[in-house]
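What the coordinates show
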Amino acid sequence: MEHDKNFVVGIFDDEDVLVHAVENVREKGLRIHEVYSPFPVHGLDEALGYRRTRLPIAAFMFGLTGTCLALFTQIWMLGYDWPMDIGGKNHASLPPFIPVTFEFTVLLSAFGMVITFLIVSNMKPYGWPRQFDLRSTDDKHVMAVDLADNKLSKEEISRMLKDQGASEVNEKNF
Amino acid sequence: MQVTSSIREPLVTGGKTVRDVSEDISRQVEGKPTNLWWIAISVSVVLFLLGAYCFWMLLWNGVGVWGLNKTVGWAWDITNFVWWVGIGHAGTLISAILLLFRQRWRMSINRAAEAMTIFAVICAASFPLAHMGRLWIGPIWSLPLPNTFGSLWVNFNSPLLWDVFAISTYFSVSLLFWYMGLIPDFAVIRDRAVRKGHPLRAMIYNALSFGWSGGAKTWMRYESVALILAGLSTPLVLSVHTIVSMDFATSLIPGWHTTIFPPYFVSGAIFSGFAMVLTLLLVTRKLFKLEDYITIYHIELMNIIIIITGSIVGIAYITEFFIAWYGQVPAEQYEFINRATGPYWWAYWSMMTCNVISPQLFWFKKIRTNLVSTFIISIIVNIGMWFERFVIIVISLHRDFLPSSWSMFHPTMYDVGQYIFTFGLFFTAFLLFAKFFPMINMAEVKSIVKSTSEKKH
């Protein structure tokens, strides 16, 4: 632990109250560290001002790699490396290569995207994530505010969250 | 604050809150298994071991232990293979295609249906693997790997090789999709374990959940991944049974050489898959007390899909027959007359009765909302779809081009045993899944509880 980090943690019961609260406190200049929810909340990413994820681009690039790799391999193997006469057909004709090309595209695209997702989200099967409140996977929405990010005092932030409908406000230090 | 729609039936009954969802679904993971579960898994393991003996005898002695002969070179093995692969299709349809169509009723059944897909594909794969005989080299030779014969590469023009790629991709992508869905739910179990003081369980489920924290940014990325995986799985699932059907359709055997096969196989697959989902879910919802999440409304909607796909299958049967007559190819005409009136007439008419007539009963609301009748019809459909594959494969083969090589197929105990093996494997895997993994996608159900849960009275 390099240094102590102090957070104010607001607990919200309802997702609609939460989204409004996020919009309002951000308007007032509060900087939110992150909001943790038990399920994806519609409109929360916009309220927090997150940029759209670029994972679809990653998926497309991986897919394209798969397409090229599969086509190249098939044409090279059957057309050049060891051409075989199968029923007098062309050595390297495109139509029979499409199914394998398609499957390989899907395979690389899916796995590439998911591995990218795990890396950018810093998810791995070892080590514990930083948890502000264990109820955030059960039924509560948890808004974490880093004191170092904000000029306001602890009490002012607590009051602001309470005013916006937080059912309780706690402190958490790491 | 809950809203009840007056035109749609609630998807979650019993006035559940978000909290209740974690409580109800985590209960079977955290608690001790019931006696019924023990009985069920004992029976499954016994079936599995009986079948494993037959599988072992096949590996030891070779494919000759099956009832195959020179004329009927494909029989139960490929019938069972196609049957199991088809069953898998419903899981992907529910999780991927219904996600793209924004059908929210998929949410409480997709987890179990996807698990069914994965186990069904494993069962399916065991048949071509067994049919290769030498399990220790067969799978390696079916991949384009450098070898000492040249390298002599695999034949990319062959539908059987397409199948290798299609089935393995389908399996791995389905597994990925299923696992992605499980990640947030493993985190629920982990955090409950921390709060209740089970450190070992917390550690295991933390590893399984990849340290999920549920931040808004992660959720945003996660939803994007889920949507793209659904978009990838949709053409994938259609391609899988298309390619399976091409194993037959690209050959010149009368009865197989038809262009109708891909759509006909895909709809048949979804038809049989939904029947299996219903068979399984009707039992599990009782066993694990999930009646509030898998409601009669869910069952009715699935039955409607069975009517649709069953009718498509019925039209395909009739079209096949018509085209055989209209096409004026004598061998093709003989083949279809032989199906209906030849020595295997009983298989053909079982198929027609089970697949074409029985699902039409679901037009009656009383029948499609009744648990007992749904259960019975779902099993009848499963049987019918097995006969469909048997009819296509064995009847087309047993009358060879030369009458001197005409033959019949008689299964041996090893044919039957291999089939039993897959049943044992399937139910054992499914019961273990039901015990250790959350059976219902909690995160998704929680997101709809507020809008579609029934109000507490």
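Everything here concerns the structure above.
Description of the structure in this document.

Basis of the calculations
- Residues numbered from 1 in each chain as written.
- Chains lettered and ligands numbered in written order.
- Predicted model: local features only at pLDDT ≥ 70, side-chain atom pairs only at ≥ 80, totals over all residues.
- Heavy atoms only, no water.
- Helix = DSSP H or I, 4+ residues; strand = E, 2+ residues; numbered from the N terminus.
- Buried < 20%, exposed > 50% of the residue type's maximum accessible area, 1.4 Å probe, protein only.
- Contact = heavy atoms within 4.5 Å.
- Areas by Shrake-Rupley, 256 points an atom, 1.4 Å probe, with all protein chains shown as cover.
- Lys, Arg positive; Asp, Glu negative; His and termini not counted.
- Charge placed at Lys NZ, Arg CZ, Asp CG, Glu CD.
- Salt bridge = Lys/Arg side-chain N within 4 Å of Asp/Glu carboxyl O.
- Buried area = accessible area lost by both parts, 1.4 Å probe.
- 1 Å grid on protein atoms, 1.4 Å probe; cavity = no way out; pocket = protein on both sides within 12 Å on 5 of 7 lines; lining within 4 Å.
- Points joined across faces, edges and corners; volume = space filled by probe spheres on them.
- Nonpolar A, V, L, I, M, F, W, Y, C, P; charged D, E, K, R; others polar.
- Axes fitted to C-alpha atoms, helices over the stretch in contact; angles between N-to-C directions.
- Parallel < 35°, antiparallel > 145°, perpendicular 65-115°, else oblique.
- Left-handed = near helix turned anticlockwise from the far one by under 90°.
- Patch = residues over 30% accessible without salt bridge, like charges linked within 9 Å, V, L, I, M, F, W, Y side chains within 5 Å.

This brings us to the overall build of chain A. Along its length, chain A carries five helices and four strands. Mapped from its N terminus to its C terminus, chain A presents α and β elements in the order β-α-β-α-α-α-β-α-β. C-alpha extents for chain A along the principal axes are approximately 85 × 35 × 30 Å. The buried share among the 174 residues of chain A stands at 47%. In chain A, 77% of the contacts between residues at least 6 apart in sequence involve partners at least 24 apart. Element-wise, carbon and sulfur atoms account for 56% of the exposed surface of chain A, whose accessible area totals about 9,400 Å². Treating the 17 positive side-chain charges of chain A as one cloud and the 24 negative ones as another, the clouds have centres 5 Å apart.

Let's shift gears to the pattern of salt bridges. Tallied over the full model, the rule gives 23 salt bridges over all chains. Salt-bridge contacts for Lys154(A) lead to Glu171(A); the nearest nitrogen and oxygen are separated by 3.1 Å. Of the two residues, Lys154(A) is situated in helix α5 (residues 154-163) and Glu171(A) in strand β4 (residues 168-173); the sequence distance between them amounts to 17 residues. Take Lys154(A): its relative accessible area is 29%, and that puts it in the partly exposed class. Residue Glu171(A) is classed as partly exposed on the basis of its relative accessible area, which comes to 48%. Taking the shortest distance from any N to any O, the salt bridge between Glu388(B) and Arg389(B) comes out at 3.7 Å.

Listed as interface residues are 61 residues of chain B and, on the opposing side, 57 residues of chain A. Here chain B packs against chain A, burying approximately 5,400 Å² in sum over the two surfaces, 71% of which is carbon and sulfur. On the chain B side of the interface with chain A, the three residues burying the most area are Trp153(B), Phe156(B) and Phe210(B), jointly 13% of the side's total. For the pair chain B and chain A, the interface holds two salt bridges. The shortest N-O distance in the salt bridge between Arg195(B) and Asp138(A) comes to 3.7 Å.

Here the structure, examined in full by the defined rule, presents three cavities of 30 Å³ or more. The volume enclosed by the largest cavity comes to roughly 50 Å³. Contributing to the lining of the largest cavity are Leu78(A), Met84(A), Ile86(A), Lys89(A), Asn90(A), His91(A) and Asn157(B). Of the residues in the lining of the largest cavity, the class split is three nonpolar, three polar and one charged.

So, about the packing of helix α4 (residues 98-120) of chain A against helix α6 (residues 159-196) of chain B. Across the interface, α4(A) lies against α6(B) with an axial gap of 9 Å and an inter-helix angle of 20 degrees. For the element pair α4(A) / α6(B), the angle class is roughly parallel. Crossing geometry of α4(A) relative to α6(B) is assigned as left-handed. Counted together, Pro99(A), Val100(A), Glu103(A), Val106(A), Leu107(A), Ala110(A), Phe111(A), Val114(A) and Phe117(A) of α4(A) and Trp162(B), Phe165(B), Ala166(B), Thr169(B), Ser172(B), Val173(B), Leu176(B) and Met180(B) of α6(B) form the full contact between these two elements. For the contact of α4(A) with α6(B), the per-class residue count stands at 14 nonpolar, two polar and one charged.

So, on to a nonpolar patch on the surface. A contiguous nonpolar patch, built from Trp82(A), Ile140(B), Trp141(B), Leu143(B), Leu145(B), Phe149(B) and Leu152(B) and spanning about 680 Å² of accessible area, is present on the exposed surface. Of note, Phe149(B) is situated in the loop between α5 (138-141) and α6.

Let us now look at the layout of surface pockets. Residue and element names in this part refer to chain B. Volume-wise, the second largest pocket comes out at about 680 Å³. In terms of lining residues, the second largest pocket is bounded by 23 residues, among which Pro128, Leu129, Met132, Leu160 and Val164 are the most central. Those elements that provide at least two residues to the lining of the second largest pocket are α3 (76-100), α4 (110-131) and α6. By residue class, the composition of the lining of the second largest pocket is 16 nonpolar, five polar and two charged.

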